[in-house]
Amino acid sequence: MKHLLISIPFVLVFLILPVEALAVGETWYGAFVYGFQHSNIFHLIGNMLVFVPLVHVMRERFLFDYWRILLVPYLCSVFAGLVYSGEPVVGSSGMIYALIGIYYASAVGGYHMKVQRKKKFTIWFVVALLSMVVPSFFGGVSLFIHLASWVAGSVYAFVNAAFYNVLKRGYN
């Protein structure tokens with residue numbers, strides 16, 4: 001239940017601020033705030049139906065604090081927004097794909113997590129990849145933002161794992 005509280009900023013931004021003011025490519029500050037705005041209520045609900053459970057999984061698996069679960073994907077999606085130069089974009093899917101990148105890179109790198117159900121893990125990976133690629137062919141979805149956020153999240157996870165291993169084992 002308390003994981004649902006993380007959706008409050010997204011709902012408030014959706015209700016209060018206009019979409020046009022927050023889209024990447026529309027304003028100079030769009031890259032910093034686009035992740036909190038959505039094009040319609042269905043876009044918001046769909047993103048939250050993925051984001052909230054993913055935050056819950058990350059919290060349980062990695063024992064991350066909420067600030068890390070929210071701040072790191074936000075920064076990854078801001079990076080993607082800053083290097084993006086296409087049509088205006090809104091939505092929290094950049095943060096979602098950054099979390100997915102962190103999840104998979106951490107599993108591959110062995111940081112805090114071992115893959116126990118490899119078949120389920122592989123199926124989920126393929127579904128996540130297809131959900132990023134397939135909609136981009138129908139327009140209105142930015143493959144670049146999703147991919148850049150996934151890569152940024154993966155890079156964070158590998159760097160974090162390297163620092164974790166250095167601190168755990170020493171500098172030798």
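Every chain's residues receive numbers from 1 upward, in the order its sequence appears when written. For this predicted model, a pLDDT threshold of at least 70 governs which residues receive local features, and a threshold of 80 or more governs which side-chain atom pairs are given and counted, while totals over whole chains, interfaces and linings are taken from all residues. Just so you know, side-chain values use all the structure's heavy atoms and leave hydrogens and water out.

Only rings of Phe, Tyr and Trp enter the pairing, Trp through its six-membered ring, and a pair is recorded when the two centres are within 6.5 Å. The plane angle decides the type: under 30 degrees is stacked, over 60 is edge-to-face, the rest tilted. One pass over the structure, following the stated rule, counts 3 aromatic pairs. Both rings, one in Tyr97 and one in Trp150, keep their centres 6.1 Å apart while their planes meet at 20 degrees; by these two values the pair is stacked. Of this pair, Tyr97 sits in helix H6 (residues 93-109) while Trp150 sits in helix H8 (residues 143-169), and the two are 53 residues apart along the sequence. Owing to a relative accessible area of 6%, Tyr97 belongs among the buried residues under this scheme. The buried label goes to any residue with under 20% of its type's maximum accessible area, the exposed label to any with over 50%, and the partly exposed label to all in between, with areas taken from a 1.4 Å probe on protein chains only. You can call Trp150 buried: its relative accessible area is 9%. Between the aromatic rings of Tyr104 and Trp150, the centroid separation amounts to 6.2 Å while the plane-to-plane angle is 15 degrees, which identifies the pairing as stacked. Note that Tyr104 is positioned in helix H6 and Trp150 in helix H8, a separation of 46 residues in sequence. Taken as a pair, Tyr104 and Trp150 share a single burial class, namely buried. Through a chain of ring-to-ring contacts, three or more aromatic side chains come together here, namely Tyr97, Tyr103, Tyr104 and Trp150. Helix and strand assignments follow DSSP, with helices taken as H or I runs no shorter than four residues and strands as E runs no shorter than two, numbered in order from the N terminus.

Next up on the list: the side chain of Ser7. Within the secondary structure layout, Ser7 lies in the segment before helix H1 (8-16). Look at Ser7 and you get buried, because its relative accessible area is 13%. The contact rule is simple, with two residues in contact once any of their heavy atoms fall within 4.5 Å. When neighbours within four sequence positions are excluded, Ser7 is seen to be in contact with Met48 and Val52.

Below, the discussion takes up the packing of H1 against helix H4 (residues 41-62). Only C-alpha atoms enter the line fits that serve as axes; for helices the fit covers just the stretch in contact. Angles between N-to-C directions range over 0 to 180 degrees. Running from N to C, H1 and H4 cross one another at 170 degrees; their axes reach a closest spacing of 11 Å. Here H1 lies roughly antiparallel to H4, going by the angle between them. For the pair formed by H1 and H4, the contact residues are Phe10, Val11 and Phe14 on the first element and Ile41, Leu44, Met48 and Phe51 on the second. Oblique is the label for any angle not under 35 degrees, not over 145, and not in the 65 to 115 range, which are roughly parallel, roughly antiparallel and roughly perpendicular in turn.

Moving on, we come to H4. An expected span of 1.5 Å times one less than the residue number is assigned to each helix. Look at H4: 31 Å from first C-alpha to last across 22 residues, which is about the 32 Å you get at 1.5 Å a residue. Among the residues of H4, Leu44, Asn47, Met48, Phe51, Val52, Leu54, Val55, Met58 and Phe62 are the ones counted as buried. Leu63 lies just past H4 and shows a positive phi near 55 degrees.

This brings us to the environment of Leu44. With respect to the secondary-structure elements, Leu44 resides in helix H4. Classification of Leu44 as buried rests on a relative accessible area of 4%. As for Leu44 and Ser7, which are separated by 37 residues in sequence, their C-alpha atoms are 9.4 Å apart. Apart from the residues within four sequence positions on either side, Leu44 is in contact with Phe10, Val11, Phe14 and His38.

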